[in-house]
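Commentary on secondary and tertiary structure
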Amino acid sequence: MTSKMWGGRFSTGPAAIMEEINVSVGFDHRLAKQDVRGSRAHCSMLVAQGIISKEDGEAIQGGLTRVEKEVAEKSFHFKRRLEDVHMNIESRLADLIGEPAGRLHTARSRNDQVATDFRMWVRAALENIDEELMKLQSVLIDKAEAHAGTIMPGFTHLQVAQPVTFGHHLLAYVEMVGRDRGRFVDARKRLNECPLGAGAIAGTSFPIDRHMTAEKLDFDRPMANSMDAVSDRDFALEFLAAGSILATHLSRMAEEMVLWCSSQFGFIRFTDAFSTGSSMMPQKRNPDAAELVRGKAGRIFGALTTLLTVMKGLPLTYSKDMQEDKEAVFGAFDTLELCIAAMMGMVLDMQPDPARMSAAAAGGGFAVATDLADWLTAKLSIPFRESHHITGRVVKVAEQKGCTLAELSLSDMQEIEPRITQAVFSVLTAEASAASRTSFGGTAPANVRAQVAAARERFLKVMP
């Protein structure tokens with residue numbers, strides 16, 4: 001049995017293994033909604049340009065309405081022998097309306113058809129992710145406001161560095177996610193050009209109106225070069241690249257949650273809703289959701305690498321290698337959507353332990369050492385490099401005595417720098433340290449509250 005698509009050229013059907021490797025309807029059926037919409041626009045243009053009759057156009061539109069309803073109701077039967085979503089819809093349309101269905105493909109190739117469908121699908125995916133990321137920012141901002149004054153240790157090299165506030169720490173991720181959203185918005189702007197009408201490679205001799213179809217499908221303009229229109233997938237690569245950076249940010253946040261809820265840190269606790277147990281150790285409460293968000297980043301990176309590898313050696317224009325584009329993108333979208341939802345759930349669920357955080361900031365790693373150095377420079381006019389050296393000697397004495405800087409006696413400090421006064425102790429608490437960081441973008445609780453208000457204004461709206 002030969003294919004209806006190319007039966008005039010071939011006298012026999014494909015080998016079974018050829019059919020197996022060639023079929024794509026198992027995954028590209030996700031483009032059905034976009035395929036129907038693209039066909040509607042193409043049909044309207046063909047009628048407007050007098051390329052097909054009004055009567056045929058009406059028959060096609062009526063049939064597409066029926067197909068659209070079946071797709072929406074999930075009653076549409078996709079057949080593997082028809083290879084892909086496009087031929088399945090065309091075949092069903094022929095069953096419904098007969099001969100006029102064959103006129104729909106006038107001045108159109110599957111090459112420009114799939115490129116158009118795929119762009120519309122990715123465009124919708126970008127919009128969906130932007131909305132979900134805005135919700136994630138919202139719950140992070142709310143949690144940051146609630147903990148604008150909650151003191152915790154900040155880390156560099158995973159060593160205690162300086163006191164910060166938990167709210168300030170959470171707002172760092174709000175900023176990262178904001179840049180992620182910006183990348184998705186930029187990607188949407190660049191992809192919003194319409195390939196429809198580019199044909200297989202060189203355009204068409206029919207008097208089509210590509211600006212009309214572009215407008216009907218909410219594209220900004222038709223793509224300017226027919227070869228570029230059918231052969232490139234940079235819009236999908238950009239989606240995956242932005243998704244990979246987002247996955248990195250989500251993974252870093254998840255890693256911190258794993259650390260924070262460990263018995264060694266004890267900064268947060270998850271309820272049973274976001275914890276799992278052990279089959280052997282009854283005491284365990286495992287942060288599996290965070291670990292899975294961390295682990296699933298690899299899927300996104302893999303999808304990007306897959307499509308880069310597919311595209312890197314392809315001459316212009318279309319090659320069947322490009323059929324490998326959709327599974328990577330679909331899988332990445334599904335994974336990102338799941339990870340964003342899981343992260344929102346964990347942010348809402350996590351219960352901080354302010355006392356544990358504050359104790360770690362006050363006693364661990366001499367977190368207020370920089371405050372001592374700053375005080376020496378500000379109050380005694382000692383050059384900062386010398387203040388840094390003096391503070392290092394003070395830290396060494398405290399370390400030898402097994403106490404914090406605030407627990408050292410004034411005489412201990414004065415043995416190193418005689419000009420130090422009792423006033424120095426006013427800066428040697430974690431609370432005082434955090435409160436003093438009032439520079440723009442700093443961790444002072446007053447700053448955090450202002451940053452919360454600013455973040456709500458900047459981010460809690462759909463990106464333009």
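Residues numbered from 1 in each chain as written. Predicted model: local features only at pLDDT ≥ 70, side-chain atom pairs only at ≥ 80, totals over all residues. Heavy atoms only, no water.

1. A short note on the overall build of the protein
Scanning the protein for helices and strands turns up 18 helices and six strands. Expected size for 464 residues packed as a compact globule is a radius of gyration near 23 Å; at 31 Å, the protein overshoots this value by more than 25%. Referenced to the eigenvectors of the C-alpha coordinate spread, the extents of the protein come out at roughly 100 × 55 × 40 Å. Of all 464 residues assigned to the protein, the portion counted as buried reaches 49%. Within the protein, contacts between residues at least 6 apart in sequence are counted, and of these 75% link residues at least 24 apart. Only carbon and sulfur atoms are counted for the fraction: they give 54% of the accessible area of the protein, which is about 22,100 Å². The averaged location of the 58 negative side-chain charges in the protein is 0 Å from the averaged location of its 53 positive side-chain charges. (Helix = DSSP H or I, 4+ residues; strand = E, 2+ residues; numbered from the N terminus. Rg over C-alpha atoms; globule rule 2.2 N^0.38 Å. Buried < 20%, exposed > 50% of the residue type's maximum accessible area, 1.4 Å probe, protein only. Contact = heavy atoms within 4.5 Å. Areas by Shrake-Rupley, 256 points an atom, 1.4 Å probe, with all protein chains shown as cover. Lys, Arg positive; Asp, Glu negative; His and termini not counted. Charge placed at Lys NZ, Arg CZ, Asp CG, Glu CD.)

2. Thoughts on the nonpolar core
Inside soluble globular proteins, nonpolar side chains tend to come together where they are buried. Within the largest apolar cluster, 93 residues are counted, with the highest numbers of intra-cluster contacts made by L136, F239 and M343. Sort the elements by how many residues they give to this core and helix α10 (residues 234-260) lands first, with 14 residues. (Core = buried A, V, L, I, M, F, W, Y, C linked by side-chain atoms within 4.5 Å.)

3. Comments concerning unusual backbone geometry
Residue L316 is joined to T317 through a cis peptide bond whose omega torsion reads 10°. Within the secondary structure, T317 is located in the loop between α11 (288-311) and α12 (325-349). Unlike most non-glycine residues, H157 shows phi in positive territory, near 55°. When you line up the elements, H157 lands in the loop between β1 (151-156) and β2 (159-165).

4. Things to note about the packing of α11 against α12
Here α11 crosses α12 at 160°, and the two axes come no closer than 9 Å. Our classification of the angle between α11 and α12 gives roughly antiparallel. The element α11 and its partner α12 pack so that their crossing is left-handed. Contact residues: A289, A290, V293, K296, R299, I300, A303 and L307 in α11; D325, A328, A332, T335, L336, L338, C339, A342, M343 and M346 in α12. Its residues placed into classes, the contact of α11 with α12 shows 14 nonpolar, one polar and three charged. (Axes fitted to C-alpha atoms, helices over the stretch in contact; angles between N-to-C directions. Parallel < 35°, antiparallel > 145°, perpendicular 65-115°, else oblique. Left-handed = near helix turned anticlockwise from the far one by under 90°. Nonpolar A, V, L, I, M, F, W, Y, C, P; charged D, E, K, R; others polar.)

5. Focus: the pairing of β1
Examined bridge by bridge, β1 and β2 share five bridges and lie antiparallel to one another. Considered in β2, the bridge of T156 is made with Q159. In sequence, β1 turns back onto β2 through a hairpin of two residues, with H157 there showing a positive phi of about 55°. (Pairing = 2+ DSSP bridges.)

6. Quick look at the environment of A446
Mapped onto the secondary structure, A446 falls in helix α18 (residues 445-459). Sequence spacing of A446 and G149 is 297 residues, and the spatial spacing of their C-alpha atoms is 8.2 Å.

7. Regarding the pattern of salt bridges
Counted by the stated rule, this structure contains 29 salt bridges. Here D142 makes a salt bridge to R456, at a shortest N to O gap of 2.6 Å. Highlighted residues: D142 in helix α6 (residues 110-146) and R456 in helix α18, separated in sequence by 314 residues. Classification of D142 by relative accessible area gives partly exposed; the value is 40%. (Salt bridge = Lys/Arg side-chain N within 4 Å of Asp/Glu carboxyl O.)

8. Quick notes on a nonpolar patch on the surface
Together, I17, M18 and I21 line one region of the surface with nonpolar side chains, adding up to about 350 Å² of accessible area. Residue position: M18 is located in helix α1 (residues 16-22). Residue M18 is classed as partly exposed on the basis of its relative accessible area of 40%. (Patch = residues over 30% accessible without salt bridge, like charges linked within 9 Å, V, L, I, M, F, W, Y side chains within 5 Å.)

9. Concerning the side chain of N286
Inspection of the secondary structure puts N286 in the loop between β5 (268-269) and α11. If we skip the residues at most four places from it in the chain, N286 touches F274, S275, T276, G277 and S278.

10. Comments concerning α11
In this model, α11 (24 residues) spans 35 Å end to end at C-alpha, consistent with the 34 Å of a helix rising 1.5 Å per residue. Looking at α11, one finds that the buried residues are A290, V293, A297, I300, A303, L304, L307, V310 and M311. Where α11 is buried, its residues touch α9 (226-231), α10 and α12. (Expected span 1.5 Å × (residues − 1).)

11. What to know about the environment of L240
Mapped onto the elements of the fold, L240 is located in helix α10. On the accessibility criterion, L240 (0% relative accessible area) is buried. Remark: the alpha-carbon pair of L240 and F333, spanning 93 residues in sequence, is separated by 8.6 Å. For L240, the residues in contact, after removing those within four places along its chain, are I300, A303, L304, L307, A328, V329 and A332.

12. A short note on the state of the cysteines
This model, assessed by the stated rule, comprises zero disulfides. Considering cysteine sulfurs only, C43 is the nearest to C194, which forms no disulfide, with 15 Å between them. A disulfide-free cysteine, C261 has its sulfur positioned 17 Å from the sulfur of C339, the nearest such atom. (Disulfide = S-S within 2.5 Å.)

13. A short note on the packing of aromatic side chains
Tallying each qualifying case throughout the model produces nine aromatic pairs. One aromatic cluster is present, formed by F118, W121, F235, F330 and F333 through successive ring pairs. Sitting above the plane of the F330 ring, R30 keeps its charged end 4.9 Å from the centroid. Above the ring of F118, the side-chain terminus of K326 is found at 5.3 Å from the ring centroid. (Phe/Tyr/Trp six-rings, centres within 6.5 Å; stacked < 30°, edge-to-face > 60°. Lys NZ or Arg CZ within 6 Å of the ring centre and 35° of its normal.)

14. Points about the environment of G63
Within the secondary structure, G63 sits in helix α4 (residues 54-72). When the C-alpha positions of G63 and L93 are compared, they lie 5.7 Å apart, and in sequence the two are 30 residues distant. What G63 contacts, discounting residues up to four positions off in sequence, is L93, L96 and I97.

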